[in-house]
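Structural overview for review
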Amino acid sequence: MKLLLSVIVISLLIVCPLAFGASVVLFNEDAASEEGGGDFAAFFTSHDAGSTVEITTSEKYAGSVSAVATPSQSYNNVFEGWEIPIDDYPYLTFAWKKDGGTGIMIQFAHDAAWAFRYFSGENVTGWEGIQLDENIPEDWMVYTRNLIDDFGGGWNLTGIALTPWNGTAGFYDFMVLHSDPEPPTAVEPDD
């Protein structure tokens, strides 16, 4: 009986690797192996009120870089090549911090439509979203969220908006989708 059970477990590991901790790195080191293809900032094709997105070494949560967005927001609801099934990767881990202002937000497009948002501090937009903290994160804060619990399943992630709204800038780092509820502790780029 133990032998049969061992064979079944090994077979499942071979046939169903997604069920045992797969991840998709949206952004961490701006490496070619990430979903941003090594040029994450270029994915943001729309910029409200002169907003910009750049990669910086001056602030980072993990690794050597982070993405910095200036107010009010930079976005693209259809990143080229993105159609990431949330049912396969229901957990999102990300880190952010804010330099000044009253609120910070990250928005997710599903199937090219804006719908899902997390924010800390004040929601200056009034757009529906989930508040993660009443205060802006002046130091790096890391969150792991279950996207299906928060927003439902059956959708594909197709784009992101980095939305610091006001103040000087918002910093975003370690954006990883994963299938296991335990967040990854490190993400190593392939290149």
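Summarised in this report is the structure supplied together with it.

Conventions adopted
- Residues numbered from 1 in each chain as written.
- Predicted model: local features only at pLDDT ≥ 70, side-chain atom pairs only at ≥ 80, totals over all residues.
- Heavy atoms only, no water.
- Helix = DSSP H or I, 4+ residues; strand = E, 2+ residues; numbered from the N terminus.
- Buried < 20%, exposed > 50% of the residue type's maximum accessible area, 1.4 Å probe, protein only.
- Contact = heavy atoms within 4.5 Å.
- Areas by Shrake-Rupley, 256 points an atom, 1.4 Å probe, with all protein chains shown as cover.
- Salt bridge = Lys/Arg side-chain N within 4 Å of Asp/Glu carboxyl O.
- Pairing = 2+ DSSP bridges.
- Phe/Tyr/Trp six-rings, centres within 6.5 Å; stacked < 30°, edge-to-face > 60°.

When helices and strands are tallied, the chain shows two helices and 13 strands. Counting every position in the chain, which comprises 191 residues, the buried fraction comes to 45%. Sequence-distant contacts, at least 24 apart, represent 70% of the contacts inside the chain between residues at least 6 apart. If you sum the accessible surface of the chain, you get close to 9200 Å²; carbon and sulfur atoms cover 52% of it.

When the charged atoms of two side chains with opposite charge come close together, those side chains can pair. Using the criterion set out here, one finds two salt bridges in the structure. Residues Arg 145 and Asp 150 are paired through a salt bridge, measuring 2.9 Å at the closest nitrogen-oxygen approach. You can call Arg 145 partly exposed: its relative accessible area is 23%.

With eight of eight residues buried, strand 12 (residues 156–163) is to be regarded as a mostly interior element. Alignment of strand 6 (residues 84–85) against strand 12, held across two bridges, turns out to be antiparallel. Within strand 12, the position partnered with Ile 84 by the bridge is Leu 157. Sheet topology places strand 8 (residues 103–110) next to strand 12; six bridges connect them, and they run antiparallel. By the bridge assignment for strand 12, His 110 is matched with Leu 157.

Once that is clear, we can look at the packing of aromatic side chains. Counted under the stated rule, the structure contains 20 aromatic pairs. Pairing Trp 96 with Tyr 172 gives two aromatic rings, centres 6.1 Å apart and planes at 70 degrees, and the pair type is edge-to-face. Here the residue Trp 96 occupies a position in strand 7 (residues 91–99), and Tyr 172 occupies one in strand 13 (residues 169–178), the gap between them amounting to 76 residues. For Trp 96, a relative accessible area of 0% gives the class buried. Within the aromatic cluster, the residues linked to one another by ring pairs are Phe 94, Trp 96, Phe 108, Phe 116, Tyr 118, Tyr 143, Phe 151, Trp 155 and Tyr 172.

Where burial is concerned, most of strand 8 is hidden: seven out of the eight residues are buried. As consecutive antiparallel partners, strand 8 and strand 9 (residues 113–121) are separated by two residues, and within that stretch Asp 111 has a phi angle of approximately 50 degrees, a positive value.

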